[in-house]
Amino acid sequence: MAFFSLWSPATRSLHVVAVTMDPVAPQSPRTVKPDYVFVVNRNGANGRTGREWKNLFPKLSPRLGKDWNLCEAFTSGPMDAVEITREAVRNGAAAVVAVGGDGTLHQVVNGFFEDGKPVEQRVVGRSRTALGLIPLGTGSDFARTFKWSNVLCQAMEHVAKGQRRKIDIGCITIGKNNGQHFFVNIADLHLSAKAGYHAACYKRFGNLCYVIGTLQAFMGHQNQDMDIRMDGGQWRRFSNVTSIAIGNGKYFGGGMMIVPTADPSSGAMEMVILQDFKWHDFITKMPKLYKGTHLTVKNVSCVRAHVIEIRKANNNGNLSKNEIYVQADGEHVGFLPATFTTLPGAIDFLV
């Protein structure tokens, strides 16, 4: 059973309601108003998410409350957002809106899928559930791809208007038995993924956590040879790989435009590969990395593909013992080998 707070425009008050997690019979879409479910990580950005959302939610009710049931769902554990989203989609919600950072958005996106397939609605005759975003987290990088000038105000406006745009979703298969993970923004590996893994421990410092995480990741870091195959072609050897970013969106790490050519509606992913970078290269090239002008820099390459397979290189029978970190939307998901697949137009996004 999931618990939601239901906003009543008539009384301008919140009511806690319980939504059953048990299967229900198919309903007519005319019997009840569809839900707008806001999945809120109140502890995000050191509690700033919860504080700002408390003021923002009542402002949405006059615009949305006449046509939709507005429901708040507060997360308290790592998988809450996934389960809340799955139940909302099953029950035919008009939209599930992630309120928080890229981590909350990542969980909500994964809630649109179960056992590797899209979650099916139990309510007949309704449009598929849309994904919305109100970025109140530490990085909130996916929102930057859409060039919202005033990110928070524009995000609320797009949620209120309800206009939809089909966007692609990335699917990561780790090894053979570790299941699938879905991402909406960027999947990355090796140094940047290790930096993200460490940065999660320093989020109390805001965007500075990414700088601290990168410095910690460089300690003991070694560039690695990797084998990559794109769209079922031949395996290619890439030597001394420092980091790889596979982008559906453009930004990661608190505003770095690492994949400037990415388009979440293109039907394919853009892969940026950094090779043979040293710590001082990141210092000298940091302005280019943030501006997205680094694709012409030496040892930087960019390719487009629908399916990307990556594994550690086997050099004359010698396979490196160092694990290669893989993360999705800033969340650690495992280690190589991994396959990254594009799911074109898999979700409707409120823009």
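Everything quoted here is computed from the prediction, not taken from an experiment.

Let us now look at the environment of tyrosine 210. If you trace the backbone, tyrosine 210 turns up in helix α6 (residues 208-218). Sequence-wise, tyrosine 210 and alanine 200 are 10 residues apart; in three dimensions their C-alpha atoms are separated by 8.4 Å. Residues contacting tyrosine 210, with those up to four places away along its chain left out, are Thr138, Gly139, Ala199, Gly253 and Gly254.

So, about the pairing of strand β9 (residues 164-174). Summarising the sheet, β9 and strand β21 (residues 338-350) pair through 10 bridges and their orientation is antiparallel. From the neighbouring strand, cysteine 171 faces β21, where its bridge partner is threonine 341. Across 4 bridges, the pairing between β9 and strand β10 (residues 180-183) is antiparallel. When the sheet's bridge partners are listed, cysteine 171 is paired in β10 with phenylalanine 182.

With that out of the way, let us pick up the confidence of the model for the chain. With 88% of its residues at a pLDDT of 70 or more, the chain has an overall mean of 86. Confidence scores differ between elements of the chain, with strand β2 (residues 13-19) showing the lowest mean pLDDT of 39 and strand β14 (residues 269-275) the highest of 98. Residue range residues 1-31 is modelled with pLDDT below 50. Its contacts to residues more than four positions away, or to other chains, number 67 contacts.

Below, the discussion takes up the packing of aromatic side chains. Enumeration according to the criterion identifies 13 aromatic pairs in this entry. Centroid distance tyrosine 36 to phenylalanine 38: 6.4 Å. Interplanar angle 45 degrees. Geometry classified as tilted. Cluster of aromatic residues (ring-pair linked, three or more members): Tyr36, Phe38, Trp53, Phe57 and Trp68. Taking NZ or CZ as reference, lysine 285 lies 5.6 Å from the ring centre of phenylalanine 277, over its face.

Scoring rules and cut-offs
- Residues numbered from 1 in each chain as written.
- Predicted model: local features only at pLDDT ≥ 70, side-chain atom pairs only at ≥ 80, totals over all residues.
- Heavy atoms only, no water.
- Helix = DSSP H or I, 4+ residues; strand = E, 2+ residues; numbered from the N terminus.
- Contact = heavy atoms within 4.5 Å.
- Pairing = 2+ DSSP bridges.
- pLDDT = per-residue confidence, 0-100.
- Phe/Tyr/Trp six-rings, centres within 6.5 Å; stacked < 30°, edge-to-face > 60°.
- Lys NZ or Arg CZ within 6 Å of the ring centre and 35° of its normal.

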